[in-house]
Amino acid sequence: MRRSIRKKCVSLALMMSMVITLLTACGGDAGTQQIYYMDVAGNSLKISAYKLKAKDTEGQISELLTALKQAPDTGSAVSVMPRDLEVISHRLDGGHLVLDFNTAYERITGPNEVLMRSAIVKTLLQISNISSVTFTVQGKALTNADGSEIGAMNADTFMDFGGDAEDAMVRRTFTLYYASKDGQSLVREKREIYYNSNISPEKLVMEYLMTSPHTDDAISPIPDSTKLLNINVNRGVCYLNLDENFLNATDKISQQVVIYSIVNSLCELNEISSVQIAINGEMNSIFRGDKLSNSYTPNFNMVTSNAE
Amino acid sequence: MILLAGLIPYTVAFYLYLYAYRQNTINIEEVQIHSQMQVLTGGILDKDYLSDPSDTEINSQLDTVRQIYGGRILLIDDNLRVIKDTNGIDSGRTLVWANAIRSLKGEALSYYDKQNNFLTVTLPIRSTADDNAPVRGVLMVVRSMDYMNQSLDQMTVPGIIGFVILGFILLGLAAWTAEHTIRPLKTMEEALDKTKNGSASSGLKDLDYAEAEELAGHFNDFLGRMQSVEASRQEFVSNVSHELKTPLTSMKVLADSINSMEGAPLELYQEFMQDMSHEIDRETKIINDLLSLVRMNKTGISMNIASVNMNELIESILHRVRPIADRQGVELVLESFRPVFCEIDETKFSLAITNLVENAVKYNNPGGWVHVSLNADHQYCFVTVEDNGMGIPQDSLDRIFERFYRVDKSHSREIGGTGLGLAITQNAIRMHHGEIRVASELGQGTTFDVRIPLTYIVDPEEDVIARRADEIREERSGE
């Protein structure tokens with residue numbers, strides 16, 4: 001019995017070390033780039049790792065353009081550029097790269113064109129000296145269906161969707177108002193939050209108010225067990241619906257501080273100018289002895305300290 | 001173990017159920033959004049919203065829907081540009097996403113983002129009037145599925161309660177089962193230990209489990225048999241010593257009396273020596289009988305089986321006994337109904353029948369008779385020894401096969417014999433897997449019925465016992 005357990009441990013250890021080596025090998029040391037390819041159905045982009053050999057910008061541009069034209073190693077992807085499409089010339093002007101294509105470009109339309117364009121731009125933007133890419137066809141600027149120029153494309157031009165995909169995320173600074181340690185005043189805190197673009201800003205504000213602040217000597221004014229049932233903004237009014245656990249706020253934090261931490265934080269958003277708080281869908285619920293008013297506007301007198 | 005056996009399937013079933021609920025809710029939601037959004041796409045096409053997203057009516061519709069869904073709505077044109085984003089962030093960007101591209105090609109799709117709990121439905125915007133109408137854009141509806149999580153959370157609570165209750169029930173069940181199966185086993189263990197160590201044990205009683213009761217019954221039987229074996233062993237030893245001592249005592253008496261006599265005549269010495277000789281013969285006979293009995297008891301004794309002509313066998317027995325019968329004035333007759341061949345050990349079986357016939361002659365009166373009959377059917381061979389002698393009293397009938405048992409001790413001494421004859425006979429019959437029965441009436445006569453199978457079947461159990469006995473003997477000799 002003992003021997004077989006030993007054997008198992010040994011093989012497990014071997015397996016784990018293999019996995020770790022594999023991961024570190026694939027993980028890519030600093031300096032591996034990616035070439036963007038297209039899946040066979042023409043619906044999405046696929047990535048293949050690539051190591052740049054050239055050290056100068058010109059060399060790197062040529063190298064990447066060549067790699068883009070080639071078929072990838074993996075079987076389930078194809079090059080985004082059709083065989084008859086050629087880059088006639090390119091010009092780099094202080095970080096702005098202009099690529100001139102032959103007329104074969106005009107034959108590519110619809111989603112395929114968008115996929116190709118995004119693949120080429122994303123691939124080339126990996127070169128450190130390049131900040132934007134513009135396409136021309138035989139010297140003429142590329143235009144949309146409605147005639148407007150597509151113009152220079154940079155890292156913000158394209159977005160992805162779903163989960164943690166980098167292009168689906170948004171980075172934004174929010175101003176939040178937490179309760180001071182003694183519960184009698186508000187502490188302002190600026191926070192940079194990186195979040196999925198599907199989440200509405202007002203929801204994000206409430207979620208962060210319900211967690212601990214980064215500032216020392218500040219606390220979250222909302223009881224832990226409170227659930228955010230829903231939150232909606234219409235014509236500048238934010239309708240906030242919380243469950244009954246909100247009524248259990250500790251006495252240590254004053255009623256006004258609790259209310260205005262929420263109101264002030266939400267009204268920092270452009271779209272919101274006043275807030276209405278409902279408990280389980282009911283308006284005017286009793287909170288700490290007083291009825292909740294129909295609408296609250298921010299009160300900045302209670303702010304005693306600022307934390308950046 | 002019972003705990004695990006119950007809780008694991010429960011947990012698995014519970015999680016499966018939650019999973020099914022989640023999948024089902026998502027599917028229903030997809031279908032709902034699909035159908036509800038058809039309404040919007042009509043308006044979008046009519047007002048050519050994709051070219052100019054300023055129409056207030058459409059915008060307020062989009063906003064209302066967004067609020068209800070707690071999510072976000074995006075409108076994409078056929079170049080994958082984001083025309084409208086209710087979140088405001090992404091307008092003007094180009095969406096490069098597989099589902100959007102596929103929807104642009106005509107598919108209605110949905111994507112569930114488990115991490116952020118959003119369900120994203122993408123619908124192609126095209127005119128429903130014409131089947132071949134081109135897809136003008138994509139309507140993307142992002143719906144928050146938080147409500148599903150709330151439901152799931154609420155469902156988890158009863159699930160956990162059920163888990164705990166089940167756990168307790170199983171614990172109770174396990175404990176009860178353990179009690180009822182292990183307790184009787186433990187009691188048996190103790191009783192067995194006691195028996196092994198030789199201390200008397202009263203057996204098992206009062207077990208409340210049916211199977212345990214059966215087991216206890218068998219155990220008690222076994223215990224009883226062991227105890228009776230032990231008792232009979234002790235009895236045998238005391239019987240043997242008694243019987244062996246008796247002739248020796250007689251011899252001692254004779255020797256002492258003649259030694260104490262002064263001037264005894266030679267004839268007296270001769271007479272005493274003859275008596276001594278008789279006693280020694282008697283002692284020898286007892287010892288011989290004992291040895292053969294013990295040898296037969298020794299399990300594992302080999303049976304020398306052969307097919308024997310029963311008629312000839314019995315005739316030869318009668319031939320041997322005839323002189324004694326003639327001396328007693330007893331008539332000896334053999335009745336045979338057919339030729340019978342039987343698989344027997346000739347020596348042992350002869351011994352058995354000889355004893356019966358000799359007894360029938362000895363315990364008889366002058367002018368009496370002894371009838372021996374031989375018969376067989378397709379399975380058994382039947383031998384009957386019948387006499388019209390003095391018979392056996394009813395209350396002794398059960399005991400006549402016991403070793404050294406005599407009905408009337410004083411009378412039997414005259415007749416002679418060791419008291420072992422019937423024990424030897426019964427043993428021999430048993431070894432042939434046969435049966436012996438007796439019927440008798442005092443003063444009228446006795447009938448012994450013997451039945452043995454025509455073919456001898458080896459009993460594997462006897463083999464096992466024999467082998468074990470051999471092992472024990474080897475161990476003992478090694479000590």
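Scroll up to find the structure this text is about.
Since this is a predicted model, take the numbers as computed values, not measurements.

> Help me out: how do you make sense of the overall build of chain A in this one?
A tally of helices and strands in chain A yields five helices and 17 strands. The buried share of chain A, reckoned over its 308 residues, is 48%. When contacts within chain A are restricted to residue pairs at least 6 apart in sequence, those whose partners lie at least 24 apart make up 57%. For chain A, the exposed surface amounts to about 16200 Å²; the carbon and sulfur share of it is 50%.

> Looking at this model, I keep getting lost on the overall build of chain B. Mind explaining?
Counting its regular elements, chain B contains 11 helices and 13 strands. Put simply, chain B has 479 residues, and 39% of those count as buried. If you take every contact in chain B between residues at least 6 apart in sequence, the share linking residues at least 24 apart comes to 65%. Summed over its atoms, the accessible surface of chain B is roughly 27100 Å², and 55% of this surface lies on carbon and sulfur atoms.

> Sorry, what's going on with the nonpolar core here?
For soluble globular proteins, the rule of thumb is that nonpolar side chains tend to be buried together. Counting residues in hydrophobic clusters, the biggest one holds 99 residues, and the most contacted among them are Ile120, Phe135, Met206 and Leu266 of chain A. A total of eight residues in this core trace back to one element, the largest contributor, which is helix 5 (residues 255-267) of chain A. Inspection of this core shows a minimum of three residues originating in each of domain 1 (32-159) and domain 2 (173-307) of chain A. If near-sequence neighbours (up to four positions away) are discounted, Phe135 of chain A is found in contact with Leu99, Phe101, Tyr105, Arg117, Ile120, Val121, Ala141, Leu142 and Met153 of chain A. Val370, Ile429, Met431 and Val450 of chain B belong to the second-largest nonpolar core, a separate cluster that totals 53 residues.

> Quick question: what am I supposed to make of the sheet that holds strand 13 (residues 445-453) of chain B here?
Two strands in a sheet stick together by hydrogen bonds in their backbones, pointing the same way (parallel) or opposite ways (antiparallel). Residues and elements named next belong to chain B. Strand order in the open sheet formed by five strands is 8-10-11-13-12, with mixed pairing between adjacent strands. In this open sheet, the two strands that pair with only one neighbour each are strand 8 (331-336) and strand 12 (435-441). Across the sheet, the axes of successive neighbouring strands diverge by a mean angle of 10°, strand direction being ignored. Strands strand 8, strand 10 (369-376) and strand 11 (380-387) of the sheet are contacted by helix 7 (residues 310-328), whose axis makes an angle of about 175° with strand 8. Against the sheet, helix 10 (residues 421-431) touches strand 12 and strand 13, its axis set at about 140° to strand 12.

> Got a minute to help me understand the interface of chain B and chain A in this structure?
When the parts come together, some accessible area is lost, and that loss is often what is quoted as the size of the interface. Taken together, the contacts link 34 residues of chain B with 39 residues of chain A. In total, chain B and chain A occlude about 3000 Å² of area from one another, counting both sides; carbon and sulfur atoms represent 50% of this. By the criterion of area lost to chain A, the three top residues of chain B are Gln67, Arg93 and Val96 of chain B, representing 20% of everything that side buries. Seen at the junction of chain B and chain A, the total is one salt bridge. Salt-bridge contacts for Lys203 of chain A lead to Asp146 of chain B; the nearest nitrogen and oxygen are separated by 2.8 Å. Here chain B and chain A share 10 residue pairs in polar contact (both at pLDDT 80 or more) between them. Sorting the residues of the side of chain B that touches chain A by element identifies helix 2 (56-69), strand 1 (72-77), strand 3 (94-95), helix 3 (98-104), strand 4 (109-113), strand 5 (118-125), strand 6 (137-144) and helix 4 (146-196) of chain B as the ones contributing at least two each. Among the elements that take part in the side of chain B that touches chain A, helix 3 of chain B stands out by supplying four residues, more than any other.

Conventions adopted
Residues numbered from 1 in each chain as written. Chains lettered and ligands numbered in written order. Predicted model: local features only at pLDDT ≥ 70, side-chain atom pairs only at ≥ 80, totals over all residues. Heavy atoms only, no water. Helix = DSSP H or I, 4+ residues; strand = E, 2+ residues; numbered from the N terminus. Buried < 20%, exposed > 50% of the residue type's maximum accessible area, 1.4 Å probe, protein only. Contact = heavy atoms within 4.5 Å. Areas by Shrake-Rupley, 256 points an atom, 1.4 Å probe, with all protein chains shown as cover. Core = buried A, V, L, I, M, F, W, Y, C linked by side-chain atoms within 4.5 Å. Domains from an automatic or database assignment. Pairing = 2+ DSSP bridges. Axes fitted to C-alpha atoms, helices over the stretch in contact; angles between N-to-C directions. Buried area = accessible area lost by both parts, 1.4 Å probe. Salt bridge = Lys/Arg side-chain N within 4 Å of Asp/Glu carboxyl O. Polar contact = N/O pair within 3.5 Å; in protein donor to acceptor, adjacent residues only side chain to side chain.

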